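Close look at the chain arrangement
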Amino acid sequence: MHIAEGFLPPAHAVAWGVASAPFVVHGARSLVRDVREHPESTLLLGASGAFTFVLSALKLPSVTGSCSHPTGTGLGAILFRPPVMAVLGTITLLFQALLLAHGGLTTLGANVFSMAIVGPWAGYAVYRLLRRYDLPLMGAVFCAAFVADLSTYCVTSVQLALAFPDPGSGFLGALGKFGSIFAVTQIPLAVSEGLLTVLVMRLLVQSSKGELTRLGVLVASAAGKKRAESAESAQAVAR
C-alpha cells in the first residue's frame, strides 16, 4: 500500500493530498473532543495507533511500485470510529515515511486516502451492517478488519491505474493488472489480519469490558445499565 516517494506524478500527488485533507482535519477535531470528554480512553487510543503502526510496518515489496502489508485500521475504526482513524493513520504514515522509508512525503496524501480514510470507513460500514443483523461480535470484527485491509489495496490499485494507464487498454487494463498483482498477496494477508484483530478484541473484552461498553462495542446488561444510571444520578445529586 505504501506508494513509494516520487512514484506518482505531481498533479496526482497534490490531488490526493487535497482530497485527504478535509477528512484529516475533521478527524483531528473529533479526536480532540473525544480526549477532552473521555480522557480515560487515551490508553486504548494509543494502543489502537500502535496496532496500526506495527502491522502496517510489515513490508512485503510489490512489483507495482508499492508494497503489501496489513493495515491495522479496522480495530481503531471499530473502537473510535473512522474519523479518528484518519488522524491516527496519517500520523502512522508520516512517521513511517520519515523513519522507515515506507511510502513518502509526496505520496502521503494518496497513502492516507487509501489506508487511513477509505479502509476505516469501509471496514466500519461492514461492521455496523453485520452487527445490525445480529452477527456475533467476533464475526463482525473479522469481516471489518478483512474489508478495511482489502479495500485499501483496491483504492491503491485505482490510484496507480489512474497515474499509469495501460498504453493499449487504458485505465481498466491497468486496474486489472495492478489489482491482480496485489490480490496474490493481499487476500491471505487480509484473512490473517482479520484473525489477529479478533484475537486482540478478545483480549480487550477480557481486560477493558467497561471501556468497550462505553464505546458501544459491547452492549451493557440491564443490571449494568441500572448501576450506571444510579451512579450518574448520585453524581448529579452530589453536584
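Note that the coordinates shown come from a computational prediction; the quantities given were computed from them, not determined experimentally. (Residues numbered from 1 in each chain as written. Predicted model: local features only at pLDDT ≥ 70, side-chain atom pairs only at ≥ 80, totals over all residues. Heavy atoms only, no water.)

Description of the packing of helix H3 (residues 73-80) against helix H7 (residues 170-207)
Selection criterion: Only the contacting stretch of a helix is used when fitting its axis, a line to C-alpha atoms as for every element, and angles between N-to-C directions run 0 to 180 degrees. Going along the chain from the N terminus, every DSSP run of H or I of four or more residues is numbered as a helix, and every run of E of two or more is numbered as a strand. Note on angle classes: values under 35 degrees are labelled roughly parallel, values over 145 roughly antiparallel, values of 65 to 115 roughly perpendicular, and the remainder oblique. What makes a crossing left-handed is the near helix being turned counterclockwise from the far one by less than a right angle; a clockwise turn instead makes it right-handed. A contact between two residues is defined here by any heavy atoms of the two lying within 4.5 Å. Under the scheme applied here, ten amino acids are nonpolar (Ala, Val, Leu, Ile, Met, Phe, Trp, Tyr, Cys and Pro), four are charged (Asp, Glu, Lys and Arg), and all others, including Gly, are polar.
Orientation of H3 relative to H7, taken along the N-to-C sense of each, is 40°, at an axis distance of 9 Å. Between H3 and H7, the angle is such that the two are oblique. Seen along the crossing, H3 lies across H7 with a hand that is right-handed. Residues Thr73, Leu75, Ile78 and Leu79 of H3 form the contact with H7, whose own contacting residues are Glu193, Thr197, Val200, Met201 and Leu204. Residue classes in the contact of H3 with H7 are distributed as 6 nonpolar, 2 polar and 1 charged.

Structural notes on helix H5 (residues 108-132)
The cut-off we apply is this: Each residue after the first adds 1.5 Å to the expected span of a helix. Two axes are fitted around each residue, one to the seven residues ending there and one to the seven starting there, and the angle between them is reported as the bend at that residue.
With 25 residues, H5 extends 35 Å between its outermost C-alpha atoms, agreeing within 8% with the 36 Å of an ideal straight helix rising 1.5 Å per residue. In H5, a bend of some 30° at Val118 exceeds every other bend along the element, and Pro120, a proline, comes one to four places later. Trailing H5 by a residue or two, Asp134 shows a phi angle of about 65°, which is positive.

Overview of empty space enclosed by the protein
Short version of the rule: Any residue with an atom within 4 Å of a point lines the site, the site being either a cavity, points on a 1 Å grid over the protein atoms alone where a 1.4 Å probe fits but cannot get out, or a pocket, an open set with protein on both sides within 12 Å along at least 5 of 7 lines. Grid points are joined across faces, edges and corners, and a volume is the space filled by probe spheres set on the points.
In the structure shown here, the tally under the stated rule is 1 cavity of 30 Å³ or more. By volume, the largest cavity is sized at about 40 Å³. Around the largest cavity, the lining residues are Leu31, Asp34, Val35, His38, Ser41, Thr42, Leu45 and Phe80. At the level of secondary structure, the elements contributing two or more residues to the lining of the largest cavity comprise helix H1 (10-37) and helix H2 (42-56). Counting residues per element, the lining of the largest cavity draws most heavily on H1, which supplies 3 residues. A class-by-class count of the residues in the lining of the largest cavity yields 4 nonpolar, 3 polar and 1 charged.

Looking at the UniProt feature "transmembrane region" (unreviewed entry) in the chain
To be explicit about the condition: UniProt positions are given in the numbering used here, feature names are shortened, and annotations may be inferred rather than shown by experiment.
Mapped onto this numbering, the UniProt entry annotates "transmembrane region" (unreviewed entry) at residues 41-58, 79-102, 108-127, 139-161 and 181-205. Helix makes up 100% of residues 108-127 and strand 0%. Its end C-alpha atoms lie 27 Å apart. With 100% helix and 0% strand, residues 181-205 has its two end C-alpha atoms placed 37 Å apart.

Here we look at the packing of H2 against H3
At a minimum axis separation of 8 Å, H2 and H3 run at an interaxial angle of 155°. By the angle between their axes, H2 is roughly antiparallel relative to H3. The handedness of the crossing between H2 and H3 comes out as left-handed. Each of Leu44, Leu45, Ser48, Phe51 and Thr52 in H2 lies in contact with H3, whose residues at this interface are Thr73, Leu75, Gly76, Leu79 and Phe80.

Some remarks on the environment of Tyr124
The following threshold applies: To sort residues, take the accessible area from a 1.4 Å probe on protein chains only and compare it with the maximum for the residue type: under 20% means buried, over 50% means exposed, and anything in between is partly exposed.
Locating Tyr124 in the fold gives a position in helix H5. Here Tyr124 falls in the buried class, since its relative accessible area comes to 12%. Once the C-alpha coordinates of Tyr124 and Gly74 are considered, the two residues, 50 residues apart in sequence, prove to be 7.1 Å apart. Excluding residues that lie within four positions of it along the chain, Tyr124 makes contacts with Ala77, Ile78, Arg81 and Pro82.

Looking at the packing of aromatic side chains
As a reminder of what qualifies: Put simply, two rings from Phe, Tyr or Trp (the six-membered ring, in Trp's case) pair if the centres are within 6.5 Å, and we call them stacked under 30 degrees between planes, edge-to-face over 60, tilted for the rest.
Tallied over the full model, the rule gives 5 aromatic pairs. Within the aromatic cluster, the residues linked to one another by ring pairs are Trp16, Phe23 and Phe113.

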